[in-house]
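Structure at a glance
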Amino acid sequence: MDFQTLRIPRHVAIIMDGNGRWAKERGKSRMFGHSEGAMSLDEVTETAVELGIEYLTVYAFSTENWNRPGEEVSALMSLLVQSIEDKTPKLLDNNIRLLAIGDLSRLPREVADRLQRCIDETAHCSRMSLVLALSYSAQWEILNAVKNIINDKISVEDIDEKLFSDYLTTKNIPDPDLLIRTSGEVRISNFLLWQLAYSELYFTETLWPDFRREEFLKAIADYQNRERRFGKTSEQISITN
Ligand code: FPP
């Protein structure tokens with residue numbers, strides 16, 4: 001594999017898609033797919049830490065996911081609580097800080113409390129931040145930012161990209177360098193719409209439960225072979241590099 005230790009993306013965001021289809025192909029329940037998906041998340045997190053990635057943001061539950069059958073929603077919430085509980089010691093061992101973005105006020109009390117405890121317990125960790133997008137949608141986030149800017153009576157001439165970014169739930173988190181989406185869907189699906197402005201996009205047919213270390217390394221190698229120009233010309237980029 002063509003892989004460089006340099007040019008490691010600072011921030012990788014992932015839309016973990018395809019758990020349901022993976023389970024269906026095997027005649028299993030959708031929750032079986034989500035549980036296997038949780039294992040992929042473990043493996044990808046470990047690999048990201050090894051590579052020196054600083055931020056890994058995963059779309060764990062979207063605002064739209066609240067519309068899934070009640071049974072699946074509560075099973076996903078239980079999986080979340082269980083995973084956070086099981087993984088906290090491993091996060092601490094690996095010096096990983098847990099963060100969460102989204103409309104967390106909609107989470108059931110037990111989930112919100114468990115999540116907050118893990119966030120507090122890992123607050124001092126500095127090797128990597130694992131950011132869970134929960135009850136998250138970018139349109140919600142952007143509208144929320146606009147409402148808060150108005151509430152704070154910010155004057156129009158003070159509103160610029162930096163100020164707006166500071167009103168998003170990702171305040172203090174750099175924009176993703178790379179977005180990965182699994183399962184062959186080629187959409188952004190209301191994820192980090194503001195923050196993905198200049199991100200490289202990587203789509204793969206692989207379903208999330210099959211997306212393990214090798215698949216992740218393939219995505220990183222693909223990223224490393226791209227030229228990021230941020231609207232400039234190739235010549236300008238080679239001068240600044
Ligand atoms: C998309 O697959 C996946 C989700 C909506 C949930 C993601 C959850 C996990 C990977 C579980 C582990 C997460 C944590 C944070 C413990 P889908 O159900 O949309 O699949 P489909 O499109 O094939 O139906």
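Each chain has its residues counted from 1, following the order in which its sequence is written. Residue-level local features of this predicted model are given only where pLDDT is at least 70; pairs of side-chain atoms are given and counted only at 80 or more, and the full residue set underlies all totals for whole chains, interfaces and linings. Computation of side-chain values covers all heavy atoms of the structure but excludes hydrogens and water.

1. Some remarks on helix H2 (residues 30-51)
To keep things clear, this is the line we draw: Labels follow the DSSP assignment, with helices taken as runs of H or I lasting at least four residues and strands as runs of E lasting at least two, numbered in each case from the N terminus. An expected span of 1.5 Å times one less than the residue number is assigned to each helix. Partly exposed describes any residue whose relative accessible area lies between the buried limit of under 20% and the exposed limit of over 50%, with all areas from a 1.4 Å probe on protein chains only and scaled to the type maximum.
The end-to-end C-alpha separation of H2 is 31 Å, in line with the 32 Å expected for 22 residues at 1.5 Å each. When H2 is considered as a whole, its buried residues turn out to be Gly33, His34, Glu36, Gly37, Ser40, Leu41, Val44, Thr45, Thr47, Ala48, Val49 and Leu51. Once H2 finishes, Gly52 follows within two positions and takes phi at roughly 90 degrees, a positive value.

2. Some points on the site of the ligand
Short version of the rule: The nearness test applies per residue and asks whether one of its heavy atoms lies within 4 Å of the molecule or strand. In the analysis that follows, any N or O atom pair within 3.5 Å is treated as a polar contact, provided that within protein one partner can donate a hydrogen and the other can accept it, and provided that, for residues neighboring in sequence, both atoms belong to side chains. Each accessible area value is a Shrake-Rupley result obtained with a 1.4 Å probe; residue values ignore everything except the protein chains displayed when judging cover.
Inspection of the region around the ligand gives 19 residues, with Met16, Gly20, Arg21, Arg30 and Arg68 positioned closest. Gly20 has a polar backbone atom sitting 3.0 Å from an oxygen atom of the ligand. Note that an oxygen atom of the ligand is positioned 2.7 Å from one of the backbone N or O atoms of Arg21. Across the complex, the protein chains shield 90% of the 610 Å² of accessible surface that the ligand would expose by itself.

3. Section: the pairing of strand S2 (residues 55-62)
The test is simple: Any two strands with at least two DSSP bridges between them are considered paired.
Along S2, 7 of the 8 residues are buried, which leaves the element largely enclosed by surrounding structure. Bridging between strand S1 (residues 11-15) and S2 involves 5 bridges; their strand directions are parallel. Looking at the pairing, Ile14 lines up with Val58 of S2.

4. Here we look at the sheet that holds strand S6 (residues 200-203)
Going by this rule: Between the N-to-C directions of two axes lies an angle of 0 to 180 degrees, each axis being a line fitted to C-alpha atoms and, for a helix, fitted only over the stretch in contact.
The strand order across the open sheet built from 6 strands is S3-S4-S2-S1-S5-S6, with neighbouring strands paired in parallel fashion. Each end of this open sheet is capped by a strand with a single partner; those strands are strand S3 (96-101) and S6. When strand polarity is set aside, the average angle formed by the axes of neighbouring strands in this sheet is 20 degrees. Both S3 and strand S4 (residues 128-136) contribute to a ladder of 6 bridges, which runs parallel. Considered in S4, the bridge of Ile96 is made with Met128.

5. With respect to the pairing of S4
Convention followed: By convention, a crossover is right-handed whenever its connection, traced from the first strand over the helix to the second and viewed with the strands pointing away, goes clockwise.
In terms of burial, S4 is largely enclosed, as 9 of its 9 residues are buried. Across 7 bridges, S2 lies against S4 in parallel orientation. Within the sheet, the bridge partner assigned to Ser62 lies in S4 and is Tyr136. In terms of handedness, the path from S3 via helix H4 (residues 109-121) over to S4 forms a crossover that is left-handed.

6. A look at the packing of aromatic side chains
The following threshold applies: Stacked, tilted and edge-to-face are the three classes assigned to paired rings of Phe, Tyr and Trp, where Trp is represented by its six-membered ring and a pair needs centres within 6.5 Å; plane angles under 30 degrees give stacked, over 60 edge-to-face, the rest tilted.
Inspection of the entire model under this criterion finds 9 aromatic pairs. Centroid distance Trp208 to Phe211: 5.4 Å. Interplanar angle 20 degrees. Geometry classified as stacked. With a centroid separation of 6.5 Å and 75 degrees between ring planes, the pair formed by Phe211 and Phe216 is classed as edge-to-face. The rings of Tyr59, Tyr136 and Phe191 are connected pair by pair, giving a single aromatic cluster.

7. What to know about the nonpolar core
One broad trend across soluble globular proteins is that nonpolar side chains are buried collectively. As a reminder of what qualifies: Remark: nonpolar core denotes a set of buried residues (Ala, Val, Leu, Ile, Met, Phe, Trp, Tyr, Cys) joined through side-chain atoms within 4.5 Å. Here, residues are in contact when the closest pair of their heavy atoms is within 4.5 Å.
Grouped together as the largest cluster of nonpolar side chains are 41 residues, with contacts concentrated most on Val12, Ile14, Leu56, Ile180 and Phe216. Once residues within four sequence positions are removed from consideration, Ile180 is found in contact with Val12, Ala13, Ile14, Ile15, Tyr202, Phe211, Phe216 and Ala219. Formed by 15 residues, the second largest nonpolar core is a distinct cluster that contains Ile15, Ile101, Ala133 and Leu179.

8. Here we look at a negative patch on the surface
Defined as follows: Each patch is assembled from residues with relative accessible area greater than 30% and no salt bridge, linking like charges that lie within 9 Å and nonpolar side chains (Val, Leu, Ile, Met, Phe, Trp, Tyr) that lie within 5 Å. In the sections that follow, a salt bridge refers to a side-chain nitrogen of Lys or Arg positioned within 4 Å of a carboxyl oxygen of Asp or Glu. Only four residue types enter the charge count: Lys and Arg as positive, Asp and Glu as negative, with His and the chain ends excluded. Taken as the charge centre is NZ of Lys, CZ of Arg, CG of Asp or CD of Glu, depending on the residue.
Judged by side-chain charge, Glu157, Asp158, Asp160 and Glu161 come together as a negatively charged surface patch. Mapped onto the secondary structure, Asp160 falls in the loop between helix H5 (138-151) and helix H6 (161-166).

9. Considering the pattern of salt bridges
Evaluation of the coordinates by the stated rule reveals 19 salt bridges. Across the salt bridge formed by Glu185 and Arg21, the nearest N and O atoms sit 3.2 Å from each other. With Glu185 in the loop between strand S5 (178-181) and S6 and Arg21 in helix H1 (residues 19-25), the pair connects residues that are 164 residues apart, well separated along the chain. On the accessibility criterion, Arg21 (34% relative accessible area) is partly exposed. Overlapping salt bridges, with partners in common, bring together Asp17, Arg21, Arg181, Glu185 and Arg187 in one network.

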